[in-house]
Amino acid sequence: MTKPLDNRAWLLVVPVFAIVAFSAVLPLMTVVNYSVQDTFGNNQFFWNGVGWFKELLDPATDLGGRFFAALWRTLLFSAIILAIQVPLGIVVALSMPREGWTVALCLVLMALPLLIPWNVVGTIWQVFGRGDIGLMGWGLNRLGFDYNYNGGVIAAWFTIVLMDVWHWTSLVALLCYAGLKSIPDAYYQAARIDGASRWAVFTTIQLPKMRRVLLIAVLLRFMDSFMIYTEPFVLTGGGPGNATTFLSIDLVKIALGQFDLGKAAALSIVYNLIILAVCWVFYTVMTHAGADRGVRGDPAAGEAPDHAVPPATTIPLDRRAA
Amino acid sequence: MDVSWMAWTAQTAIFFAVIAGLLALMTALALLRPETERVGALRIPTTRGDRLFVSLLGSAFIALAWIGLSGLDPALALIPCLVYAAAVFRFV
């Protein structure tokens, strides 16, 4: 190391730390604080211990029933989204042109849905799906389908899934396209010489080379769909009944609709913990995806964690040199 | 400064004080006894800080499972959490 480390540089982070503390850490601490208390308004709080958590995690109670129903609904939604958007994104990426002016046209067209704000997307589809003035709703009804996203559970789910596919498949496709573009032409030439079929090229060259971007796409889409709020809120408001009430929608109903701060805080914490766990997996896999193979290829590094003598002495030496 | 409107309780204060203390301890350890990453049971390189995070996050889920499934005194959940944290610091 040629440049000495100066840890005083960390002081430059203090303003950011202060802002984050006020905008994120303290509010989160307040949520934890509310989750163990009950209030009847007038800013009077009463100690409730782990009562809200007990209620939340017991499906027999009203709160627990709602929580688990919304959790399964959200997980089902994420599963459907991934099952559609990932294969579709790959197919779209494979069908996109590789060169010429059509590349730019395709990229712009693909990026358009990504640029539209969530609430506008919800409004677009709310109008698009209406039976009286919406093109899709009117068309489906004229074709003989009994389509009404405000009345039918299937219709509501169909519309929300279609809306999300329309909004976000481009992201998966663009990521896959970037992965495909990075494959050197030599691979394809070798495949042609071997007389490989289109399918063989896909499974042995393109798919393995897209592994990393696909991982990013899957995790991004999972996180996004698991936290979805605005689009279904605008489109169905969680209905019909509770059919499209996802965790985020239920959370807002409890916190702001019923003003049950304790219950909402307990739900927030559990929701947050699930997201935090997935985020950690996301971050770990992304930062170690490339290094992973290196570790496995090197038995000394992979097999003997306790004996892998860390060059601990080098760090203090470096610091002393600084 | 009056912050009574935030309705802080002694229990939450202790909870956050322990976490802040752990972070301070980690900072002090990082200064006094610098370490390098090691590869453990998860097959990924981890530092002490990573292991603390995994311990805390896992403990949160253990505590929730304890509250939801066991019906015993919630304070007793500390025992499996500490066992888990010790295992994480030893093997991960």
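Worth saying up front: this structure is predicted, and the values here are computed from it rather than measured. (Residues numbered from 1 in each chain as written. Chains lettered and ligands numbered in written order. Predicted model: local features only at pLDDT ≥ 70, side-chain atom pairs only at ≥ 80, totals over all residues. Heavy atoms only, no water.)

Draft legend 1. Representation of the overall build of chain B in the model. Counting its secondary structure elements, chain B contains three helices and two strands. In sequence order, the secondary structure elements of chain B are arranged as α-β-β-α-α. Relative to a compact globule of 92 residues, whose C-alpha radius of gyration would be 12 Å, chain B shows 16 Å and is clearly more extended. With the C-alpha coordinates aligned to their principal axes, the bounding extent of chain B is approximately 45 × 40 × 15 Å. Evaluated residue by residue, chain B yields a buried proportion of 29% over its 92 residues. (Helix = DSSP H or I, 4+ residues; strand = E, 2+ residues; numbered from the N terminus. Rg over C-alpha atoms; globule rule 2.2 N^0.38 Å. Buried < 20%, exposed > 50% of the residue type's maximum accessible area, 1.4 Å probe, protein only.)

Draft legend 2. Here's a closer look at the UniProt feature "transmembrane region" (unreviewed entry) in chain A. All names here are of chain A. The UniProt record annotates "transmembrane region" (unreviewed entry) at residues 12-36, 70-94, 101-128, 154-180, 213-230 and 265-286. This span, residues 101-128, is 93% helix and 0% strand, and a straight line between its end C-alpha atoms measures 32 Å. Helix makes up 100% of residues 154-180 and strand makes up 0%, while its end C-alpha atoms are separated by 36 Å. (UniProt positions renumbered as here; feature names shortened; annotations may be inferred.)

Draft legend 3. Quick peek at the nonpolar core. Residue and element names in this part refer to chain A. If you look at the biggest cluster of nonpolar residues, it comprises 55 residues, and the most contacted ones within it are M210, F226, L247 and L267. Counting residues per element, this core draws most heavily on helix α13 (residues 261-297), at twelve residues. In this structure, L247 is in contact with F67, A70, L71, T74, F226, L267 and Y271, ignoring residues within four places of it in sequence. Residues W125, Y149, M163 and V165 belong to the second largest nonpolar core, which totals 18 residues. (Core = buried A, V, L, I, M, F, W, Y, C linked by side-chain atoms within 4.5 Å. Contact = heavy atoms within 4.5 Å.)

Draft legend 4. Highlighting the environment of A75 of chain B. Counting through the fold element by element, A75 of chain B comes out in the loop between α2 (48-70) and α3 (78-91). It is 9.0 Å that separates the C-alpha atoms of A75 of chain B and A63 of chain B, two residues lying twelve residues apart in sequence.

Draft legend 5. Structural detail: the packing of aromatic side chains. Residue and element names in this part refer to chain A. Across all of its chains, the model carries 16 aromatic pairs over all chains by this definition. Summarising the aromatic geometry, the rings of Y229 and F233 are spaced 5.2 Å apart at their centres and angled 15 degrees between planes, so their arrangement reads as stacked. For F233, a relative accessible area of 42% translates into the label partly exposed. One aromatic cluster in this structure is built from F77, W157 and F246. (Phe/Tyr/Trp six-rings, centres within 6.5 Å; stacked < 30°, edge-to-face > 60°.)

Draft legend 6. A look at the confidence of the model for chain A. Model confidence for chain A is summarised by a mean pLDDT of 84, while 89% of its residues fall at 70 or above. Every residue in residues 292-322 of chain A is under pLDDT 50, and counting partners more than four places away or in other chains gives 24 contacts. (pLDDT = per-residue confidence, 0-100.)

Draft legend 7. Local environment of the UniProt feature "transmembrane region" (unreviewed entry) in chain B. All names here are of chain B. UniProt annotation of "transmembrane region" (unreviewed entry) refers to residues 12-32, 52-69 and 75-91 when read in the numbering used here. Summarising residues 12-32: 100% helix, 0% strand, and an end-to-end C-alpha distance of 30 Å. Here residues 75-91 runs as 82% helix and 0% strand, with 26 Å between its end C-alpha atoms.

Draft legend 8. Highlighting the interface of chain B and chain A. Taken together, the contacts link 30 residues of chain B with 34 residues of chain A. Contact between chain B and chain A buries roughly 2900 Å² in total, counting both sides, with carbon and sulfur atoms accounting for 72%. Considering only the side of chain B, the residues that lose the most area to chain A are R43, L64 and I67 of chain B, jointly responsible for 19% of the buried surface there. The interface formed by chain B and chain A includes zero salt bridges. (Buried area = accessible area lost by both parts, 1.4 Å probe. Salt bridge = Lys/Arg side-chain N within 4 Å of Asp/Glu carboxyl O.)

Draft legend 9. Summary view of helix α10 (residues 211-226) of chain A. Over its 16 residues, α10 of chain A extends 22 Å from the first C-alpha to the last, a length consistent with the 22 Å expected when each residue adds 1.5 Å. Along α10 of chain A, the residues that are buried comprise V213, L214, A217, L219, R221, F222, M223, S225 and F226 of chain A. (Expected span 1.5 Å × (residues − 1).)

Draft legend 10. Structural context of the environment of P45 of chain B. Along the polypeptide, P45 of chain B turns up in strand β2 (residues 45-46). Note: C-alpha distance between P45 of chain B and S55 of chain B (ten residues apart in sequence) is 15 Å. Among all residues touching P45 of chain B, those that are not within four sequence positions of it are H288 of chain A together with E37, R38, V39 and D50 of chain B.

Draft legend 11. Structural detail: the packing of α2 of chain B against α3 of chain B. Residue and element names in this part refer to chain B. Two elements in contact, α2 and α3, have axes separated by 9 Å at closest approach and are oriented at 155 degrees. The angle between the axes of α2 and α3 places the two elements in the roughly antiparallel class. For α2 against α3, the interelement crossing comes out right-handed. Only P80, C81, Y84, A85, V88 and F89 of α3 make contact with α2, whose side of the interface consists of R48, R51, L52, V54, S55, G58, S59, I62, A63 and W66. Tallied by class, residues from the contact of α2 with α3 come to eleven nonpolar, three polar and two charged. (Axes fitted to C-alpha atoms, helices over the stretch in contact; angles between N-to-C directions. Parallel < 35°, antiparallel > 145°, perpendicular 65-115°, else oblique. Left-handed = near helix turned anticlockwise from the far one by under 90°. Nonpolar A, V, L, I, M, F, W, Y, C, P; charged D, E, K, R; others polar.)

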